Each structure stands twice: as structure tokens, then as C-alpha cells.
Amino acid sequence: MLQQVNGHNPGSDGQAREYLREDLQEFLDGEVLLYQLDDLTRVNPVTLETVLRCLQARYMADRFYTNAGCTLVALNPFKPIPQLYSPELMREYHAAPQPQKLKPHVFTVGEQTYRNVKSLIEPVNQSIVVSGESGAGKTWTSRCLMKFYAVVAASPASWETHKIAERIEQRILNSNPVMEAFGNACTLRNNNSSRFGKFIQLQLNRAQQMTGAAVQTYLLEKTRVACQASSERNFHIFYQICKGASEDERLQWHLPEGAAFSWLPNPERSLEEDCFEVTREAMLHLGIDTPTQNNIFKVLAGLLHLGNIQFAASEDEAQPCQPMDDAKCSVRKAALLLGLPEDMLLETVQIRTIRAGRQQQVFRKPCPRTECDTRRDCLAKLIYSRLFDWLVSVINSSICADTDSWTTFIGLLDVYGFESFPDNSLEQLCINYANEKLQQHFVAHYLRAQQEEYAVEGLEWSFVNYQDNQACLDLIEGSPISICSLINEECRLNRPSSAAQLQTRIETALAGSPCLGHNKLSREPSFIVVHYAGPVRYHTAGLVEKNKDPVPPELTSLLQQSQDPLLMGLFPTNPKEKTQEEPSGQSRAPVLTVVSKFKASLEQLLQVLHSTTPHYIRCIKPNSQGQAQTFLQEEVLSQLEACGLVETIHISAAGFPIRISHQNFVERYKLLRRLRPHTSSGPHSPYPAKGLPEWCPHSEEATLGLLIQDILHILPVLTQAAATPGDSAEAMPAPMHCGRTKVFITDSMLELLECGRAQVLEQCARCIQGGWRRHRHREQERQRRAAMLIQAAIRSWLTRKHIQRLHAAATVIKHAWQKWRIRMAYLAAKELDGVEEKHFSQAPCSLSTSPLQTRFLEAIIRLWPLGLVLANTAMGVGSFQRKLVVWACLQLPRSSPSSYTVQTAQEDQAGVTSIRALPQGSIKFHCRKSPLRYADICPEPSPYSITGFNQILLERHRLIHM
């Protein structure tokens, strides 16, 4: 009873475990459907076992990408799958309205980052952190992302800019084989392991087109040039030279077939990365011409011969160690290929120069055999590291854009994964330190920051336990005492370093750290660091010397005297240039150590990551043998535990990874209020905005709060529109929470809001298109009417002009006719007046006529034109009257018509020229073409249609003969 009152039931824990076991068994029994789960947040319950079984089922079904909330899990298929990375598939993910609804893919992350840049949501710059252990596929993933951006971020307008963009993209892609050839090597875990870290910054302009890129490298494992672990190889470029060089090049570089080199182990292994032609072609595209390439390969061949120089121990310490007999040829070839004097090269390696005292007196001391080997290795590492840095600078100068030509960037971080070997030294310590920092960045961004921010913003949140690696970071880099500080202090002390003494100092000074372990059974001095991915034992032997990375000044001076053009550029003789390897003798300032330089570059990298929106891709290696369709649960389980994937799934499933300030949220989604129902009062949104009325004291904040509430009231409409008949209530998006200054939403809710925003923008676009079409139709109709009015006005104007021309022509015809008529009347009157006077003078009294008749005849004579008109009249006048009028007008005697003759004088052209009365009483007509057009042409000839004066006279002639 007391136990129940206190709220504790002893059987409750066992009952809960039984329920969990039942749920787990129920989940695992449905394994046939596990490969269909694209997101591990849908796994219920979320445990290492259920996540492992789900990944295994998807891997065996050839589904190598799985979402884990805010992270993409990528399983290495260990086999080529061309259709999975084809350009067509890239365009499909780029053109998809919602790429998240497609199958999980690395292209989904690439498209999400690209759309984030286009949306201009702060922070605009994006970064993708590709993590995982060696051999998990980080380099391949980065290469696929670069190809994706080269395809989707290139859409220039003109052909010239298209060619420029293609050249930039090709150079960016060609930087991969060059960097991999000089920076990758075959290790126990991976045939193409990156032995350096790189951060590739893809630069975009305002139109989101890729204009250039920049590469920054971190901690090249230059010790691999002179020292390779068992069953591992040197950098790829050395094997490419030996296998791909032509006969002439072999003669020039002194690389005969079957030659053995100490620094070239396992040459019999043939790898895909040993393609020499691909590297040469890529270098050519980057602007490294063939003579420069040959110079580079000649120097690398000189390093291989330098590694074959072996020294014999000297019996007398005062005498330098001499090279072995079979190494003398190697000394000569190395000096020849490096452009160095043979004697000076051998002397610099054999004898150490010491400067002591205030006078800087120079002492020459022969080196023992081990130191000779160390100085030889140091010379090779110095040349190779300078050559690698020079290649990076050449690549950057070839692909980097001007500062004014780009505004945003997408960063790709490809760093070496967590490493744990039987013999771990400073390189593994730095690599694992970088992975600890990146893990902390992930935890800080997705786990710890969310929980802390939820509490500050006043959200009700059930906190999830996560693995915090701050204690491990304090052990490695903490202040004032840490492993790095103790190693640096040993470097500053001018005393011989002791591995056992360094182990004792570390164990004593850091004894209280929970992440420091001890291995009492180890015979070699070492210490153990418990990393987030597991414990790693580091040997202290050689740790201080590697951290110093000492470069004797005489080695630098030797290389400055080289006659080789490449080495002359890598080691200039300008005395003003002080390198870190050559500190001043009077200066007591410590030389910058490897750990210090790496820590500074790592801090700079993290600052860049903190200023961007990060995206994470966790690469998982299914097995360590690199075999396809092989899934070893033990190895995958250790990787899942190392990257904290289960905690990531928990926090992603229950949390709100997206946080937007109130101002930005309102500015982006206030247009969703257009979808609000028209009812003035309706049900409140099921997504409450908690605390908004209370914490808005100012008018601006109150306005933002009201706008956010209006937007939240639209969410039910969006949810119902997005829901399908088969969806259940549990499948609906998680509620949106409003904090004091930010809005917290899930990925699904963000997708819902973006869909609603796209819907409103589409409606607005349609409205604008409809308005524009109406406006264009009205403008076209107005223009058509105006054109019709203009055409009508033009036709009216032309008609008026035509009528005016016709009127003018008619006026001209009228005036011409009047002039012609007057002239003809004058001529006819003149001729007839002469006949009349003669007639009356000859027979004044012969005619017995009355005065009335005389007056009638005089009237007829004077009015002869009227007679002409009457004679031309077809109807209405009798035949006798016509004859009478004609006879009267022409003064012809009616008694004897046969006494008169009518004569006509016709020329070629018709027309009346004159009428003459012959003295004998005959009439002669002179016919010529009339001055009036068509005056003598009858369009419709008829018995009474008479045109022109000639036809009137002819009619008279016909009447006379009648």
C-alpha cells in the first residue's frame, strides 16, 4: 500500500520492459517490410537492434540511402551502380517539386542545400559534413555531390557564358583526380583513403550559378612518403608513375621496369586509382602543361631514389656514415633528378650543422645512422609537402572566382574518419581530435542546442539523453592543462624527449579526467583516450618529434641551391622570406608545432561551419573486407554507436529541428492568410501559439503575434488539403510551437507550409496572368478599334481625294467642252452667216414667202444648236420635224435637195475639224480626232445613239438621200 502511495510499483519496470520486448518482436517479425522504411524515425521502437535490422534489410534490397531525421545514412555498396548516379537522375531530383518525397539519396541533400541558397533564408550559406570511418565512402559521396552541383547549378543564358561555366565545372571536377592522386593512399581499411582533410567551397553568384570553387586542406599525412605500415601503400601518384610512364619517360626518370624501391611497397597490387592518364589529363585541364607535369614526375622519381639511399653505421663517431655500395647509384640518380650537387646532397644528410653561442659559431657534427635516415626522410617529406601545397594553390588559382563574382557558397567537408590502429601516433590523435570536434558540432547543432533552446523559449519538452563528448575534448585541448598543451611544452623544452616521461606527465597531470585510460599490461609507453567512438591507445614514442616537425636549416638551404625549375619555385632564395622551419638564432620564440597549426585551422573551419546551415551525411561501412552484399552486424553496430545515430533519431523524431524567428516566419508565410476561410469567426487552430498574448508588450511584437496566430489558423486547411483518404490522424504533422522569439517546426510541417506557400504563389501567379491576359485583350481590342477607325479615316480620306480628283477632272472636261462648244458655235455661225447672206443676196424676191415665214427661218438659222440637239434626239421628235430643222439649220433648199452634195475629207484620225460651204452649194466635212477623250466612240451602238458632231452630219447626209 505504501509503495502504491509513493507512486512506485515494483512490477511496473518489468511490465514496461515486457511491453518493449513485445513491440520489438512485433517490429522484427515484419522484416519483409523493413526495406520500405525510408526514414528511421518511423521505426518503432527506436533501438540499436531495430535500426540495425532496418539498415540490413534495405542494404540487401540495394537501397543504400536512408533518412535518419536530420541526417542521411549512406551505406557503401562496394560495387558500381551507374544508374544510381546518372545525370538523368540528378535532373529528376532537381526538377522534383518535393525532393523529400522521392527515395532517399545524396542528391536529396544536394538539392535541399541548393534550394536553401535560392530561398535566401538565413543563414544562406550551406555546408555538408560527410563523416564516417575510413572506407565508408566519404570521398565518393563528396565526388557525387560535386557532380550534382556541376549539373544543376549551371544554366547560363548566353552561349559564351555557357562555355565559361562548362570550363569552370570541368576544372572543379578535374581537381578530384589530382587531389586523390597526390593525397590518397591504400590502407588496411580502404583502397582509396584520404590522407588529408579538405573543405571544398563551391561559389555561387546571385543567379545561383556556380562560378568557381576553393579548396582548403588540413593535415596532410606526409609521413606516409617515407614510412608505410605493413600491407599499406604510399600515395597513389608514385604507383601511377611507375606503371603508366612511357619508355622515354622511364629513361628520363630512371625508372626501369621491375625496379624495386623501399618507399614503394606492394607494387604488385593493381587498383582502379592507378590510372596515370586520368591524372595527367586532369592536370592539363587545370592549367598544368606537359613540361611542368614532367618536371613534377621527375621530382617524384627523385624521391623514390632518395628512399633507396641506405647508410652503414660508422665505427668512428667523428666520421660520417657512408652510404652502402648498392645505394651509391641511388645517390647519383636522386641528385640528378632533384637538380642538386651529389656531394652537397650526401654531405647535408650525413653532417648536422650546429650554431652555438652569442657569436653563432658553426659546428659540424657527423650524424649517426638513425639520424641520417631521419634527415633523409625529412628532406623527402619537406619536398612532398611543399609540392602538395603548390598543387593546391594551382588548383585554387584555376578554379577560384573573383570575390565580386560570387555571393554565396556551399561547403563540402570531407575529413578522415575515426581511426584506431594497433600503433597510433600523432596523426591518429589529430584525426580523432578533428572527429571529436565535428561530433561536438553536430551535438551542439542538433541535440544540445535544441534542448537548451527549448527551455529558454518556454517549450514543454521531454529531454532526450545524449552522449556529450565535452569531457574528451577537455582532455585533448583543454586549458590550462591538456594532452596538446603537454606535448607542446615538451617541444619548447630544450631537452631530449622521453616516451616514458611523457606518459608519466600525462597520467599525472590529467589523472582526474574520466576519458583518460590506463593499460598496465602494455610494455610500450602509451596512454588511452576514451573517444565518443571508443577507446584508442596512443604510443608516446616519437610523439614529440612528430609534433616539432623539425626541418634542419641546412636542408632548406640545400633545396634553395637546386637547379630544377620546380624546386627553385618551391624554395626561393629570397633572404627576406623567413620560413617557420628557419627560426632566427637570436629569437627564443617557439616554433609553431603541428598540433598548434592543426588546432588553429580546425577552429577556423568550425567558425565557417557555425556561420552556415549544416547538413550531415553519415557514411557506414557494411564490412571491412569491401565485399558487396555483405552486412556484418558487429562492425555496423560499432559505427552506429560511434556516431550516436540512435540519439539522433530520437531527437529528430520528437524534436523540432527547424527554428525560424518570428520576423522571418511572418515575412515568408504571411501570404498564407489568403487561404483563410471567409467566415469571420471559426474554430481555433489545433496548433496553439502558446504564450503569444502574454509576452507581446510592444506594438510590433503584438502585431507579429497576431499575424502568427492568423497563419496558425490556416494550418487545418493545409492539413486537410494535404491529407489523403488513407492517412490516419497519427500521420499528420506534429504541432507547431511558438516560443518567445522563434517558431519551432518539424520537417513535415515545413514541407506543409512550403506547399501552402507555393499554392498561394500559384494562385497569385494565375491571378496576375488572368489580369495580364484581360489587360492584353483590352489593349488588343482597343488597338483593333483604333486601327479600324484609322483605316476608315484613311478610306474616307482616299474617297474624298478620289472624288476631288473626279470633280477636278469633270470640271476640266466641262470647261474644255464649253470652250469647244463655243468655238464650234462660233465657227458654225461664221460659215452659216456667209451662206445666209449669199442666199438672200442672190434671190431676195424669188421666194414668195410671208414675213412670218421669214422670221421663222431667221429664228431657225440663229438657233441652229437647238436643231443639232433635236437632230440627236432619238425619241419625241417626228421625222419631218427633224428634216425640217436640219434643213433649216444648214440653209438647204427644200425644193431641190439633189443640187447639193456633201463631201467629207477624212484623215487617219476621226473628228470634225471644220465645216465649209462650197461655192457650188456642196458641203465638205474635214474629220479629225476630237480633243475630247472618247468623244467619237459609242459604247453601245444603236440606230439612234449618235456621238459627236460627225455622226450628226452623217445622219443628215442619210436624211438628204432619203
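Predicted, not measured: the structure shown is a model, and the values here were computed from it. (Residues numbered from 1 in each chain as written. Predicted model: local features only at pLDDT ≥ 70, side-chain atom pairs only at ≥ 80, totals over all residues. Heavy atoms only, no water.)

**Structural notes on the nonpolar core**
Point 1. Counting 130 residues, the largest nonpolar core has Phe182 and Leu300 as its most contacted members.
Point 2. With 14 residues, the top contributor of residues to this core is helix H14 (residues 369-399).
Point 3. Apart from residues no more than four positions distant in its own chain, Phe182 is found in contact with Phe235, Ile237, Met283, Ile296, Phe297, Leu300, Tyr384, Leu387, Phe388 and Leu391.
Point 4. Counting residues in hydrophobic clusters, the runner-up holds 46 residues, among them Phe418, Cys491, Leu510 and Val529. (Core = buried A, V, L, I, M, F, W, Y, C linked by side-chain atoms within 4.5 Å. Buried < 20%, exposed > 50% of the residue type's maximum accessible area, 1.4 Å probe, protein only. Helix = DSSP H or I, 4+ residues; strand = E, 2+ residues; numbered from the N terminus. Contact = heavy atoms within 4.5 Å.)

**Here we look at the side chain of Ser142**
Point 1. Residue placement: Ser142 occurs in helix H6 (residues 138-152).
Point 2. What makes Ser142 buried here is its relative accessible area of 3%.
Point 3. When near neighbours in sequence (up to four residues on either side) are disregarded, Ser142 contacts Val130, Leu412 and Asp414.

**Quick notes on the sheet that holds strand E19 (residues 742-745)**
Point 1. Taken in spatial order, the 3 strands line up as E17-E19-E18 in an open sheet, and their pairing is antiparallel. The two strands at the open ends of the sheet, each matched to only one other strand, are strand E17 (658-661) and strand E18 (737-738).
Point 2. Bridge count for E17 against E19 is 4 bridges, and the pairing is antiparallel. Residue pairing in the sheet places Arg659 in a bridge with Phe744 of E19.
Point 3. Packed on one face of the sheet, helix H25 (residues 662-669) meets E17 and E19 and runs near 90 degrees to E17. (Pairing = 2+ DSSP bridges. Axes fitted to C-alpha atoms, helices over the stretch in contact; angles between N-to-C directions.)

**Comments concerning the pairing of strand E12 (residues 408-414)**
Point 1. Here E12 lies mainly inside the structure; 7 of its 7 residues are buried.
Point 2. Neither face of E12 is left uncovered, since the one carrying Thr408, Ile410, Leu412 and Asp414 and the one carrying Phe409, Gly411 and Leu413 both have all their residues buried.
Point 3. Two strands pair when backbone bridges link them, and strand E3 (residues 126-131) and E12 are joined in this way by 5 bridges, in the parallel orientation. Within E12, the position partnered with Val130 by the bridge is Asp414.
Point 4. Alignment of strand E6 (residues 197-204) against E12, held across 7 bridges, turns out to be antiparallel. If you follow Phe199 over to E12, its bridge partner there is Leu413.

**Some points on the sheet that holds strand E14 (residues 526-531)**
Point 1. In space, the 3 strands of this open sheet follow the order E13-E14-E15, with antiparallel pairing throughout. Of all strands in the sheet, those bounded by a partner on one side alone are strand E13 (516-517) and strand E15 (534-539).
Point 2. Packed onto the sheet, helix H16 (residues 470-477) meets E13 and E14 and runs at close to 145 degrees relative to E14.

**Here's the deal with unusual backbone geometry**
Point 1. At the junction of Ser479 and Pro480, the peptide bond is cis and its omega measures out at 5 degrees in the coordinates.
Point 2. In this model, Phe78 sits at a positive phi of 55 degrees, which is unusual for a non-glycine residue.
Point 3. On the secondary structure map, Phe78 appears in the loop between strand E2 (71-75) and helix H4 (87-95).
Point 4. Judged by its relative accessible area of 23%, Phe78 is partly exposed.

**Let's talk about the packing of helix H3 (residues 48-60) against helix H23 (residues 633-643)**
Point 1. Two elements in contact, H3 and H23, have axes whose closest approach is 11 Å; the angle formed by their N-to-C orientations is 120 degrees. Relative to H23, H3 is oriented oblique. H23 is crossed by H3, and the crossing has right-handed handedness. The segment H3 lies against H23, with Leu48, Val51, Leu52, Arg53, Leu55 and Gln56 engaging Gln633, Val636, Leu637, Leu640 and Glu641.
Point 2. Classifying every residue of the contact of H3 with H23 by side-chain character gives 7 nonpolar, 2 polar and 2 charged. (Parallel < 35°, antiparallel > 145°, perpendicular 65-115°, else oblique. Left-handed = near helix turned anticlockwise from the far one by under 90°. Nonpolar A, V, L, I, M, F, W, Y, C, P; charged D, E, K, R; others polar.)

**Structural notes on H16**
Point 1. All of the buried residues along H16 are Cys472, Leu473, Leu475, Ile476 and Glu477. Looking straight down H16, one finds that the buried residues subtend no more than 165 degrees of arc, so they occupy a single side. (Arc of directions from axis to C-beta.)

**Considerations on the pattern of salt bridges**
Point 1. For the structure shown, the criterion picks out 32 salt bridges.
Point 2. The salt bridge involving Lys222 is made with Asp549; its shortest N-O contact spans 2.5 Å. One end of the pair, Lys222, is in the loop between strand E7 (210-218) and helix H8 (236-244); the other, Asp549, is in the loop between helix H19 (543-548) and helix H20 (553-560), and 327 residues separate them in sequence.
Point 3. According to the relative accessible area criterion, Lys222 is partly exposed, its value standing at 21%.
Point 4. On the accessibility criterion, Asp549 (19% relative accessible area) is buried.
Point 5. With its nearest N and O atoms 4.0 Å apart, the salt bridge here joins Lys328 to Asp325.
Point 6. Overall, Lys328 belongs to the partly exposed group, its relative accessible area being 46%.
Point 7. Accessibility expressed as a relative area gives 65% for Asp325, which makes it exposed.
Point 8. Each of the salt bridges in this network shares a partner with another, and the network as a whole consists of Arg195, Glu221, Arg224, Glu232 and Glu419. (Salt bridge = Lys/Arg side-chain N within 4 Å of Asp/Glu carboxyl O.)

**Quick notes on the environment of Ala282**
Point 1. Within the fold, Ala282 resides in helix H10 (residues 276-285).
Point 2. When the C-alpha atoms of Ala282 and Arg171 are compared, they prove to be 7.9 Å apart, with 111 residues separating the residues in sequence.
Point 3. Once residues lying within four places of it in the same chain are set aside, the contact partners of Ala282 are Asn174, Pro177 and Val178.

**Looking at the environment of Ser127**
Point 1. Of note, Ser127 is situated in strand E3.
Point 2. In this structure, the C-alpha to C-alpha distance between Ser127 and Leu412, residues 285 residues apart in sequence, is 6.0 Å.
Point 3. Discounting chain neighbours no more than four positions away, the residues touching Ser127 are Gly411, Leu609, Thr612, Thr613, Pro614 and His615.

**Observations regarding the packing of aromatic side chains**
Point 1. With the rule as written, the count across this model stands at 18 aromatic pairs.
Point 2. Measuring from centroid to centroid gives 6.3 Å for Tyr85 and Phe107, while their planes differ by 85 degrees, and the two rings are edge-to-face. In this pair, Tyr85 sits in the loop between E2 and H4 while Phe107 sits in helix H5 (residues 106-119), placing the two residues 22 residues apart along the sequence.
Point 3. On the basis of relative accessible area, Phe107 is assigned to the buried category, the value being 0%.
Point 4. Among the aromatic residues, ring-to-ring pairing joins Tyr85, Tyr93, Phe107, Trp140, Phe148 and Tyr149 into one connected group.
Point 5. Over the aromatic face of Phe442 sits the side chain of Arg618, whose NZ or CZ is 4.8 Å from the ring centroid. (Phe/Tyr/Trp six-rings, centres within 6.5 Å; stacked < 30°, edge-to-face > 60°. Lys NZ or Arg CZ within 6 Å of the ring centre and 35° of its normal.)

**Some words on a nonpolar patch on the surface**
Point 1. A cluster of nonpolar side chains, namely Ile790, Ile794, Trp797 and Leu798, defines an oily patch on the protein surface of about 400 Å² accessible area.
Point 2. With respect to the helices, strands and loops of the structure, Leu798 is situated in helix H28 (residues 747-842). (Patch = residues over 30% accessible without salt bridge, like charges linked within 9 Å, V, L, I, M, F, W, Y side chains within 5 Å. Areas by Shrake-Rupley, 256 points an atom, 1.4 Å probe, with all protein chains shown as cover.)

**Quick notes on the packing of helix H13 (residues 342-350) against H14**
Point 1. Contact geometry for H13 and H14: axes closest at 8 Å, N-to-C directions at 120 degrees. In terms of orientation, H13 lies oblique with respect to H14. Residues Leu345, Thr348, Val349 and Gln350 of H13 touch H14, and the partners they reach there are Cys372, Arg375, Arg376 and Leu379.
Point 2. For the contact of H13 with H14, the residue count by class is 4 nonpolar, 2 polar and 2 charged.

**Brief notes about the side chain of Arg233**
Point 1. Assignment of secondary structure puts Arg233 in the loop between E7 and H8.
Point 2. The exposure class of Arg233 is buried, given its relative accessible area of 0%.
Point 3. Here Arg269 takes part through its backbone oxygen, which lies 3.2 Å from a polar atom of the side chain of Arg233.
Point 4. Contacts of Arg233, omitting those with residues within four sequence positions, involve Ala185, Cys186, Arg224, Gln228, Tyr239, Lys243, Pro265, Asn266, Arg269, Leu271 and Asp274. (Polar contact = N/O pair within 3.5 Å; in protein donor to acceptor, adjacent residues only side chain to side chain.)

**Looking at the UniProt feature "binding site: ATP" (unreviewed entry) in the protein**
Point 1. As annotated by UniProt and renumbered to match this structure, "binding site: ATP" (unreviewed entry) occupies Gly132, Glu133, Ser134, Gly135, Ala136, Gly137, Lys138 and Thr139.
Point 2. Structurally, the position occupied by Ser134 is in the loop between E3 and H6.
Point 3. The class of Ser134 is buried, set by a relative accessible area of 5%.
Point 4. Among residues more than four places away in sequence, those in contact with Ser134 are Thr187, Arg189, Asn190, Ser193, Gly417 and Lys621.
Point 5. Note on placement: Gly137 falls in the loop between E3 and H6.
Point 6. Accessibility expressed as a relative area gives 18% for Gly137, which makes it buried.
Point 7. Beyond its immediate sequence surroundings of up to four residues, Gly137 is in contact with Asn76 and Cys619. (UniProt positions renumbered as here; feature names shortened; annotations may be inferred.)

**Concerning H14**
Point 1. Over its 31 residues, H14 runs 45 Å from end to end, which matches the ideal 45 Å to within 8%, given 1.5 Å per residue.
Point 2. The element H14 is largely enclosed, with a buried count of 23 among its 31 residues. (Expected span 1.5 Å × (residues − 1).)

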